[in-house]
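Given next are the chains, with one letter for each unit.
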Amino acid sequence: MSKPYQQLSSYVFIFLSLATLFHLSHGDVGTAAHYSPPYLPTACFGNDESQFPPNNLFAAASEGIWDNGAACGRQYLVRCISSSVRGACRPDQTIRIKIVDRAASSVTRPSSAGATIVLSDTAFSRIAQTLVASVNIEYQQT
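Keep in mind it's a predicted model, so treat the numbers as computed, not measured.

Undergrad: I tried to follow the sheet that holds strand 2 (residues 58–61) on my own but got confused; where do I start?
TA: Whether parallel or antiparallel, the strands of a sheet pair through hydrogen bonds between backbone atoms. A barrel is described by the order of its strands in space; here 6 strands give the closed sequence 1-5-2-4-3-6, paired in mixed fashion. Taking the axes of each pair of neighbouring strands and ignoring which way they run, one obtains an average angle of 45° across the sheet. Taken together, the 6 bridges between strand 1 (residues 28–35) and strand 6 (residues 134–141) define a ladder with antiparallel strand orientation. The residue bridging Val 29 from the neighbouring strand is Glu 138, located in strand 6.

See the structure below:
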């Protein structure tokens, strides 16, 4: 093998090694907590339960994404990327949720204060085990 090809193969090896260490993200990173019924979307839809998606994949928005109420009805792709409890994430699962409430004014308190998104129990259980109060997530508005 000639010297230029050896050099090129070395560069390719280094590039591929570095590429496996870094995951390219297409969304924002935050935290997700969960909350339980009763679900009353007072901040967005004034107790209109028909605004809940039929699959129960919905959430309350934190102040960081609330956007003065503009977040109501927005949809996000959400996936768990890490947790303080080993194995709590279901990293191969990505869900689409709908914002139906404001976390600060939800009837039921979140499992962890300060979360970016507070998922319904159903939504949270799709991406992580509910034995943890919160997980780190990647999320992207759709």
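On we go.
Undergrad: Would you mind showing me how to read the state of the cysteines here?
TA: For the coordinates displayed, the defined rule picks out 2 disulfides. The disulfide partner of Cys 44 is Cys 72, and the gap between their sulfur atoms is 2.0 Å. Judged by the sign of its S-S torsion, about -85°, the bond between Cys 44 and Cys 72 is left-handed. With a gap of 28 residues between them, Cys 44 in helix 2 (residues 42–45) and Cys 72 in the loop between helix 3 (63–66) and strand 3 (75–82) connect regions that are remote in the sequence. The disulfide partner of Cys 80 is Cys 89, and the S-S distance across this bridge is 1.8 Å. Around the S-S axis, the bridge from Cys 80 to Cys 89 shows a dihedral of about -45° and counts as left-handed. Like Cys 80, the residue Cys 89 is buried in the burial classification. Sequential numbering of the bridged cysteines in the chain gives the disulfide pattern 1-2, 3-4.

Undergrad: Is there a simple way to think about the packing of aromatic side chains in this case?
TA: Aromatic ring pairs are reported here in terms of the distance separating the ring centres and the angle at which the planes meet. Tallied over the entire structure, the rule returns 5 aromatic pairs. On the numbers, 4.8 Å between centres and 90° between planes, the contact of Tyr 39 with Phe 58 is edge-to-face. Taken together, the residues span a long stretch of sequence, with Tyr 39 in the loop between strand 1 and helix 2 and Phe 58 in strand 2 at a distance of 19 residues. Side by side, Tyr 39 and Phe 58 carry an identical accessibility label, which is buried. Measuring from ring centre to ring centre gives 4.5 Å for Phe 52 and Phe 58, while their planes differ by 40°; the resulting arrangement is tilted. In this pair, the class of Phe 52 matches that of Phe 58, namely buried. An aromatic cluster is present here, built from Tyr 35, Tyr 39, Phe 52 and Phe 58 joined pairwise through their rings.

The rules behind the values
- Residues numbered from 1 in each chain as written.
- Predicted model: local features only at pLDDT ≥ 70, side-chain atom pairs only at ≥ 80, totals over all residues.
- Heavy atoms only, no water.
- Pairing = 2+ DSSP bridges.
- Helix = DSSP H or I, 4+ residues; strand = E, 2+ residues; numbered from the N terminus.
- Axes fitted to C-alpha atoms, helices over the stretch in contact; angles between N-to-C directions.
- Disulfide = S-S within 2.5 Å.
- Buried < 20%, exposed > 50% of the residue type's maximum accessible area, 1.4 Å probe, protein only.
- Phe/Tyr/Trp six-rings, centres within 6.5 Å; stacked < 30°, edge-to-face > 60°.

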